[in-house]
Amino acid sequence: MERAAVLGIGLIGGSLALGLKERAGVEVYGYDRSEKTLHLAESAGVIHRGFTRMEEAVTKADYIFLAVPVGTAPDLLEALAELDLKPDCLISDVGSTKGRIMEQAAVFPRLREAFIGGHPMAGSHQSGVKAARSLLFENAYYILTPFPETPLSKVQRLSRLLVTATRAQLVIMNPEHHDRIVGAISHLPHILAAGLVNQVDRYNESNEWFHRLAAGGFRDLTRIAASDPVMWRDILLSNRESILGLMQDWIREMERVKEALEAEDSFSIQTFFEQAKISREQLPDRKIGILSPVWECYVDVADHPGVIGKVATLLGEEGISIANIGVMENREDGAGVLRLAFREERDYRRAKTVLARKGYTVIDLNE
Ligand SMILES: NC(=O)C1=CN([C@@H]2O[C@H](COP(=O)(O)OP(=O)(O)OC[C@H]3O[C@@H](n4cnc5c(N)ncnc54)[C@H](O)[C@@H]3O)[C@@H](O)[C@H]2O)C=CC1
Ligand SMILES: O=C(O)C(=O)Cc1ccc(O)cc1
């Protein structure tokens, strides 16, 4: 049985550990500075064994994953370089930034040979092992940043394990590209969300209606402001250059809108919103994360009220669980298209067979 050591058993380390244990059949040792976390993780079956001394978790490990905040990971990596590890052990991490950790790995020849950077692009504003879920990364992108000279065989070995454990979609990228892209689509939005919440909070001090009326758009836009402050402090500091450039661009963008408003330039203001609307509507509709169904098919049905119940009952009788069911479109000829979504591939395949047997036309999106 292969063994993996996960260093830091929080939301991400715990979720990865669960996938490694449950789906990849790997023995998982956990290391964390918090004894309470380790107890919790052991008793919830997230890891096989927990250690408060890193050496004990990592010796004899075939894989080591660093899942601590990005400000801490370089120090742990340096400590690993001093330890007696298995010669063919692969080391990776899950940090939200990749430049800094790759720089650190590059300092030590042993690490440079063994280290492949990683970043599962899914998570939540929650933290800690209690929030860990084995399917957190299902269908999400998982970025790997190997060194240019890392043999393909090592990248494949790690990819195979991660695909089995997480069911994510692996992508290889260079660390600089990674940091600029996630800077724009993840780090900058977290800064904006926090800034907006803080601004409104100041207004609310003199008039509590600001918070009372905060709903809809404000809530949607600022959900991520509830994320862990230490984690985000570390992310900003370790992706400083990319983020400073992106903030400069943002300030310029705001200046442009401000100037248009000052000049009452209605054309520019409308264009600003129009461009955003078009771009937003074209964003790929990725179904990320734990609550997201992955296996989908459409079923051609006669458009009458009882049909959803009929299909649901038919599948229910066969013990097939449906994650989501809904009418996709109502066509003029009276027919409709039912969208069925399943979390488990097995359910989805059985549903297709059962429906086809009953004469329904099934349109497949997964194959
Ligand atoms: N939260 C998210 O949505 C995502 C986070 N990440 C990255 O994953 C990493 C972990 O984040 P989370 O799991 O959210 O954090 P977390 O706070 O849930 O877990 C971190 C764990 O590391 C432990 N830890 C901290 N410093 C330590 C040290 N010096 N020695 C041993 N253990 C230590 C903590 O006790 C905790 O159990 C971060 O690098 C973050 O950038 C990546 C993708 C998504
Ligand atoms: O909750 C959200 O929407 C997130 O943004 C989660 C997240 C946080 C950090 C990452 O590096 C990747 C994903």
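Residues numbered from 1 in each chain as written. Chains lettered and ligands numbered in written order. Predicted model: local features only at pLDDT ≥ 70, side-chain atom pairs only at ≥ 80, totals over all residues. Heavy atoms only, no water.

Rules: UniProt positions are given in the numbering used here, feature names are shortened, and annotations may be inferred rather than shown by experiment.
The name recorded for the protein chain in an unreviewed UniProt entry is Prephenate dehydrogenase, from Paludifilum halophilum. Note on the protein chain: under the UniProt heading Catalytic activity (unreviewed entry), the record states "prephenate + NAD(+) = 3-(4-hydroxyphenyl)pyruvate + CO2 + NADH". Taken from UniProt, the Pathway (unreviewed entry) comment for the protein chain reads in full: "Amino-acid biosynthesis; L-tyrosine biosynthesis; (4-hydroxyphenyl)pyruvate from prephenate (NAD(+) route): step 1/1."

1. Observations regarding the domain arrangement of the protein chain
Quoted interface sizes are often the accessible area lost when the parts come together. Short version of the rule: Domain extents, as shown, originate in an automatic or database domain assignment.
Here the protein chain is partitioned into domain 1 (3–174), domain 2 (178–282) and domain 3 (295–364). Using C-alpha coordinates to define each centre, domain 1 is positioned 39 Å away from domain 3.

2. Let's talk about the site of ligand 1
In plain terms, the rule: A molecule or strand has a residue near it when one of that residue's heavy atoms lies within 4 Å. Pairs of N or O atoms are called polar contacts if they sit within 3.5 Å, as long as, within protein, a hydrogen donor faces a hydrogen acceptor (for residues adjacent in sequence, only side-chain-to-side-chain pairs). For every accessible area listed, the method is Shrake-Rupley and the probe measures 1.4 Å; residues are considered covered only by the protein chains on display. Secondary structure follows DSSP: runs of H or I at least 4 residues long count as helices, runs of E at least 2 residues long count as strands, and numbering of each begins at the N terminus. Side-chain classes follow a simple rule in which Ala, Val, Leu, Ile, Met, Phe, Trp, Tyr, Cys and Pro form the nonpolar group, Asp, Glu, Lys and Arg form the charged group, and the remainder, Gly included, forms the polar group.
Taken together, 26 residues lie near ligand 1, and Ile12, Asp32, Val68, Ser96 and Gly128 sit nearest. The separation between an oxygen atom of ligand 1 and a polar main-chain atom of valine 70 is 3.5 Å. Between ligand 1 and glycine 128, the relevant distance is 2.6 Å, taken from an oxygen atom to a main-chain nitrogen or oxygen of the residue. Taken by itself ligand 1 offers 830 Å² of open surface, and the protein chains cover 88% of this. Going through the elements one at a time, α1 (11–22), β6 (115–120) and α11 (229–238) are the ones with two or more residues in the shell around ligand 1. Each residue belonging to the shell around ligand 1 can be placed in one class, and the counts come to 13 nonpolar, eleven polar and two charged.

3. Description of the pattern of salt bridges
Selection rule: What counts as a salt bridge is simple: a side-chain nitrogen of Lys or Arg found within 4 Å of a carboxyl oxygen of Asp or Glu.
In total, this model carries 14 salt bridges according to the counting rule given. Here arginine 112 and glutamate 149 are joined by a salt bridge, their closest N and O atoms 2.5 Å apart. Taken together, the residues span a long stretch of sequence, with arginine 112 in helix α6 (residues 109–114) and glutamate 149 in the loop between β7 (141–146) and α7 (152–166) at a distance of 37 residues. Among the salt bridges present, the one from glutamate 208 reaches arginine 212, with a minimum N-O distance of 2.4 Å. Sharing partners across several salt bridges, the network here consists of Arg53, Glu55 and Glu56.

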